[in-house]
Each structure stands twice: as C-alpha cells, then as structure tokens.
Amino acid sequence: MSEPSQFQAPVGTHDVLAPESAQWEGLLSTFADWAHRYGFSLVITPVFEDVGVFNRGIGEASDVARKEMYVFKDRGDRTYALRPEGTAPIVRAFIQHQPTTPFKAWYFTPGFRYERPQAGRYRQHHQLGVEVLGTDDPAVDVEVITLAQRFFEAVGLTRFRLLINSMGHAQCRGAYVELLRAHLEAHVGELCDEHQKTWRENPLRVLDCKNAACIAVTERGPMLIDHLCDDCRAHFDAVLDGLGRLGVASELSPRLVRGFDYYSRTTFEFVADALGGAQNAIGGGGRYDGLVEQLGGKPTSGIGFGSGVERLLLTREAEGAAALLSRHLDVFVVDTTGDAAAVLLDRLRRAGVASDRAYDHRSMKAQMKVADKSGARLALLIGPQELSAGEVTIRDLRSADFEQHQSRVPDQDVVSTILRLLQAK
Ligand code: HAM
C-alpha cells in the first residue's frame, strides 16, 4: 500500500486552491446573479442517481453512457452512476416533485466522465447550467441562449461564437436518419474505423465525428436542416429571428448534433476561438422535448445548457481577461498580549472587515512576518503599551516607510477608523 503522503488527486481531477479558487467564486457568483436576473432558481440534486436515469436519459447508445460513466453498486446492491451531466437529474427531480411550470432551474454541478484526460477535458469537470421545463415557446430558446451569451460577456470573454442547428422532432428526424443511413451505406468504406462498425445503429454520431474521412463523407450527404417539417422549420426560424432581434449573432452549423440522444429541435454550442482543438466548446445545450416522457413523466418540453467552468477559466486566461474577483485580507491583527485579538477580530468581522491573525503565541517579529505574507492592507498592533493605554496601532502594510504610515487610535475608534481607511483606498 502506498504511503498516505504519496496520495494524489485521481487522474483527470484537480484540486482548486487560492488564489485560483477566487476565480471560481467569481464565475459562480456572476452566473448565480445572471440566472436570477432571468428568473431561475437554484436546484440541487444528488451527485449520484439510479443508473437508469442516465441510460434512459442520455441514451444507452451514447458514448458517455457506453464508455464513460462511473457506475457502481452500493452496499444494498443498487446500481448507481455518478452524474456525467446535469440535465437528466433535473428532469428526474421535476417528475418526482411536479413543480409548477415553467420550471426554471439553475445549477452548479460536477460532472464525471471517464475520458482520456487532456487540457480542457477531465474526469471530473464542473458545469454551470440552466434548464426550463414546461414550454416549447421559441422565446424560451432565445432566453436560454441569450443568458449564456450575456454570462460569457459578463465574465470578460470576447472571442467566442454561437453555433446553432435544429435537430427537428422525432418524426422529421426519423425520416432524415433513413436518408443519412442510405448515404452512409453507399460510402461505408470511406468512414473512420469506428464508424465503419457503428454507422448503422447510430448514423447521427457520424455527423459529430471529428475524423477527416467521416467529415468528407457527411459533407456530401443530406443535412437535417434541409429536411425539417414545417412546424420545426417555423420554430427554428422564430428562434433565429428572436436572437437576431437581441443582437445575438449565430452561425448555422448543420453538422451540430451533440452527443446525447435526448436532443430535439434547437441545439447549440458556444466555441471559444482562444481554445484550440476539440476542447473549444465552452457551453452547449438544446431542446429535449421527449426527455420527461422518456424518464416516466407526462409529455413536457424542455431546454437548457451547460457550460464548463474549467474551460471558461482556460479561455479567460488565454484571452488575458482581468481577474473576476480579488479575495484579499483587509486587516491582520498582531497581538503580543495574547488577550486582545479575539475580541477585536470579532468586532472587525461583524463590521464586514476581512481580518485574520497569527496563532500559537508567537513573537512580534514572527507575527509581523505572517502579516506581511498575508496580503492584508493594514496591520493592527497590540502590545503591552497599547493595552495599558487602551489604544491600538494601525500600520499600513503596503508602505515601505511604515513609521510614517502608522498611527495610534483609541480602542473604541478602531473599527470606524479601519472602515474609513478601507473606503478611502
Ligand atoms: P455537454 O456538451 O456534454 O452538455 O457539456 C456541457 C459543457 O461542459 C461543454 O460545453 C464543456 O464546456 C463542459 N464539459 C463537458 N465535458 C467535459 C470534460 N470532460 N471536461 C471539461 N469540460 C467538459 C451537457 O452536459 C448537457 N447536459 C448540456 C445541456 C443542458 N443540454 C441541455 N441542457
């Protein structure tokens, strides 16, 4: 057995520590704010579900269900899966609780997929997302897509594009799949190795294939967008028109079919130009008008998107975006008397001042070292002199010449003085 000190985070997973964690906090709070502005409420569901939620939800034939899901039996012999994505669990919760519609949920969730780890692709990633259940009004498609757009803008991204397509509903897609199958059959020898084997069961997956040979074959074949029924075409046109009216630019992407079986009608992906290769999707989603029924509920339309936190952060870094949030200490209390710090810190913290201290009764010099390293702007010094005078010394830690930048104030005025100094910065 390995020594505990040799334990590492599992392959394809990451620990997030400060200062990076402040950027996570910034993304999450910005998303929560924007989701709230659009009328969404936070929904939290378990991190594992009956494996059937995903097998039936995302489709047993999907790559994620076949090859990537973390499936396990618990001690009661039930078969569960760690969630690979956030939509099917929200739909399961919707069916279970029957909330009033439209049901507008936002979430922040880890997603678990046994992928080949690389930059931007992990075995545990994190998504910020929304789902709307209970309406197929194209105005909702427009709102969901616009929310993603505005969120990306709000977190400082500038170089990203919205790719959009319609997958039609089950009927028009069914007729199209037959056309596609006939085309693939005529060119089967030209497909990549995997799709030479699997094209017949799931021909739509060939459209999604990144292999040049498959792209060459499908480019010459029929496109779903040209075979939509009148209703699906009108729905899609209304979505495009609505986006246009809000100034949200989109690019028609007829090959965009997405990886899960639940999608119908509007499908979309946001890609970041600053990220290279196959990991450039910073968000994706679409309509899933058959999913509620598929999981045992009454027919109910749905639409949503999920956006990868790690990829958003990589994109922000590649674009050189300014920090979203700086989490720094305001005050560090250096107390050599051993008695005063706890009460003073309680007063400061209750007044909203981020403040910290050293522990273990260290010397003044040692405490000052910790204070300097802490990044705090001000130090509050309490030694025997201050204690007997009922005063506290305030020192500006960002100034080299601290003698010039320190003052003593009566203990009862410390909090108000600190608040004034912090506001003036
Ligand atoms: P998805 O496209 O599989 O869709 O994932 C959404 C986003 O999560 C991707 O665009 C990407 O940013 C991020 N992502 C996915 N897998 C990984 C990974 N292995 N490593 C890093 N980031 C990743 C869904 O999951 C759907 N549930 C989205 C949705 C919501 N559709 C309708 N409603």
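In this text, all values refer to a predicted model and were calculated from it rather than measured experimentally. (Residues numbered from 1 in each chain as written. Predicted model: local features only at pLDDT ≥ 70, side-chain atom pairs only at ≥ 80, totals over all residues. Heavy atoms only, no water.)

Around the ligand, the structure places 27 residues, and the nearest of them are Glu 85, Thr 87, Glu 115, Glu 131 and Tyr 263. Within the side chain of Glu 115, a nitrogen or oxygen atom sits 2.9 Å from a nitrogen atom of the ligand. Between the ligand and the protein, one listed contact pairs an oxygen atom with a backbone N or O atom of Gly 283 at 3.3 Å. When the ligand sits alone it has 660 Å² of accessible area, and the protein chains cover 95% of it. Secondary structure elements with two or more residues in the shell around the ligand: β6 (124–133), β10 (281–287) and β11 (302–308). Partitioning the shell around the ligand into residue classes produces 9 nonpolar, 11 polar and 7 charged. (Near = heavy atom within 4 Å. Polar contact = N/O pair within 3.5 Å; in protein donor to acceptor, adjacent residues only side chain to side chain. Areas by Shrake-Rupley, 256 points an atom, 1.4 Å probe, with all protein chains shown as cover. Helix = DSSP H or I, 4+ residues; strand = E, 2+ residues; numbered from the N terminus. Nonpolar A, V, L, I, M, F, W, Y, C, P; charged D, E, K, R; others polar.)

Attention shifts here to the pattern of salt bridges. In total, this model carries 28 salt bridges according to the counting rule given. Residues Asp 273 and Arg 161 are paired through a salt bridge, measuring 3.0 Å at the closest nitrogen-oxygen approach. One end of the pair, Asp 273, is in the loop between β9 (264–272) and β10; the other, Arg 161, is in strand β7 (residues 160–166), with 112 residues separating them in the sequence. Look at Asp 273 and you get partly exposed, because its relative accessible area is 39%. What makes Arg 161 partly exposed here is its relative accessible area of 32%. In this structure, a network of salt bridges that share partners links the residues Asp 63, Arg 66, Lys 67 and Glu 194. (Salt bridge = Lys/Arg side-chain N within 4 Å of Asp/Glu carboxyl O. Buried < 20%, exposed > 50% of the residue type's maximum accessible area, 1.4 Å probe, protein only.)

Turning our attention to the packing of helix α5 (residues 138–154) against helix α10 (residues 230–245). In contact at an axis separation of 8 Å, α5 and α10 are set at 45° when each is read in the N-to-C sense. One element, α5, and the other, α10, form an angle in the oblique class. Both α5 and α10 take part in a crossing whose hand is right-handed. For the pair α5 and α10, contact is made by Pro 138, Asp 141, Val 142, Ile 145 and Thr 146 and by His 235, Ala 238, Val 239, Gly 242 and Leu 243, respectively. Here the contact of α5 with α10 is composed, by residue class, of 6 nonpolar, 3 polar and 1 charged. (Axes fitted to C-alpha atoms, helices over the stretch in contact; angles between N-to-C directions. Parallel < 35°, antiparallel > 145°, perpendicular 65-115°, else oblique. Left-handed = near helix turned anticlockwise from the far one by under 90°. Contact = heavy atoms within 4.5 Å.)

An order of β13-β12-β14-β15-β16 is seen for the 5 strands of this open sheet, with the pairing classed as mixed. A strand with exactly one partner marks an edge of an open sheet, and here the two such strands are β13 (355–357) and β16 (406–410). Sheet twist, expressed as the mean angle between neighbouring strand axes with direction ignored, is 25°. Relative to strand β15 (residues 391–396), strand β14 (residues 378–382) runs antiparallel, the two being bridged by 4 bridges. By the bridge assignment for β15, Leu 378 is matched with Asp 396. This element, helix α14 (residues 364–373), spans β12 (331–335), β14 and β15 of the sheet and lies at about 175° to β12. Relative to β14, helix α16 (residues 414–424) is tilted by about 160°, and along the sheet it contacts β12, β14, β15 and β16. (Pairing = 2+ DSSP bridges.)

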